[in-house]
Amino acid sequence: MAFSISTNRIFIKSLITCYNSLTDEKKIWLTKYSPGTTVQVSGIYKCTECNKEVTCNKDDPFPPPKDHEHIKETKWKLIVEADTKGKGSY
Ligand SMILES: [Zn+2]
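Values in this document were obtained by computation on a predicted structure and should not be read as measured data.

> Just give me the short version of the overall build of the protein, but keep the residues and values in it.
Summing up its helical and strand segments, the protein has 2 helices and 4 strands in all. Its helices and strands in sequence order give the protein the pattern α-α-β-β-β-β, from N to C terminus. The buried share of the protein, taken over its 90 residues, is 18%. The contacts in the protein between residues at least 6 apart in sequence include a share of 55% that link residues at least 24 apart. Carbon together with sulfur atoms contributes 57% to the accessible area of the protein, which is approximately 7,200 Å² in total.

> I'd like a description of the coordination of the zinc ion, backed by residues and values.
Of the protein atoms, only Cys47 (SG), Cys50 (SG), His68 (NE2) and His70 (NE2) coordinate the zinc ion, at distances of 2.0 to 2.3 Å. Each of the 4 donor atoms bound to the zinc ion contributes to angles spanning 105 to 116°, and the resulting shape is tetrahedral. Motif for the zinc ion, donor spacing along one chain: C-x2-C-x17-H-x1-H. With Cys47 in strand S2 (residues 43-47) and His68 in the loop between strand S3 (53-56) and strand S4 (76-81), this pair connects stretches of sequence that are 21 residues apart. As far as the burial class goes, Cys47 and His68 line up, both buried.

> Now, about the sheet that holds strand S1 (residues 32-33): what can you tell me, with residues and values included?
Sheet architecture is open: 4 strands sit in the order S1-S4-S2-S3, paired in antiparallel fashion. Either end of the sheet is taken by a strand with one partner, and the two such strands are S1 and S3. Sheet topology note: the S1/S4 ladder contains 2 bridges and is antiparallel. Bridge pairing in S4 places Lys32 opposite Lys77.

How each quantity is defined
Residues numbered from 1 in each chain as written. Predicted model: local features only at pLDDT ≥ 70, side-chain atom pairs only at ≥ 80, totals over all residues. Heavy atoms only, no water. Helix = DSSP H or I, 4+ residues; strand = E, 2+ residues; numbered from the N terminus. Buried < 20%, exposed > 50% of the residue type's maximum accessible area, 1.4 Å probe, protein only. Contact = heavy atoms within 4.5 Å. Areas by Shrake-Rupley, 256 points an atom, 1.4 Å probe, with all protein chains shown as cover. Donors = N, O, S within 2.8 Å, 3.2 Å for Na, K, Ca; no water. Tetrahedral: all angles 85-135°; square planar, octahedral: opposite > 155°, others 65-115°. Pairing = 2+ DSSP bridges.

Here it is as structure tokens:
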């Protein structure tokens, strides 16, 4: 019993550590972006309503609501991040 309790504690602690170590870079994969807002990361984005894909460049706006309309609010989700740094820059 004691063993399993301490194992759970370690598991919970590692979950918290994992959550706290989420950097902004990782959060971009979890965020759903609204139409017309500024693109944070260049790449390919997918509409959460119809799966249409668009390429967006950093600092450009996402397609405005009137260009891509759904009954529910359209959201864009990052599926491919453009590697703008390339190899050798790590
Ligand atoms: Zn759509």
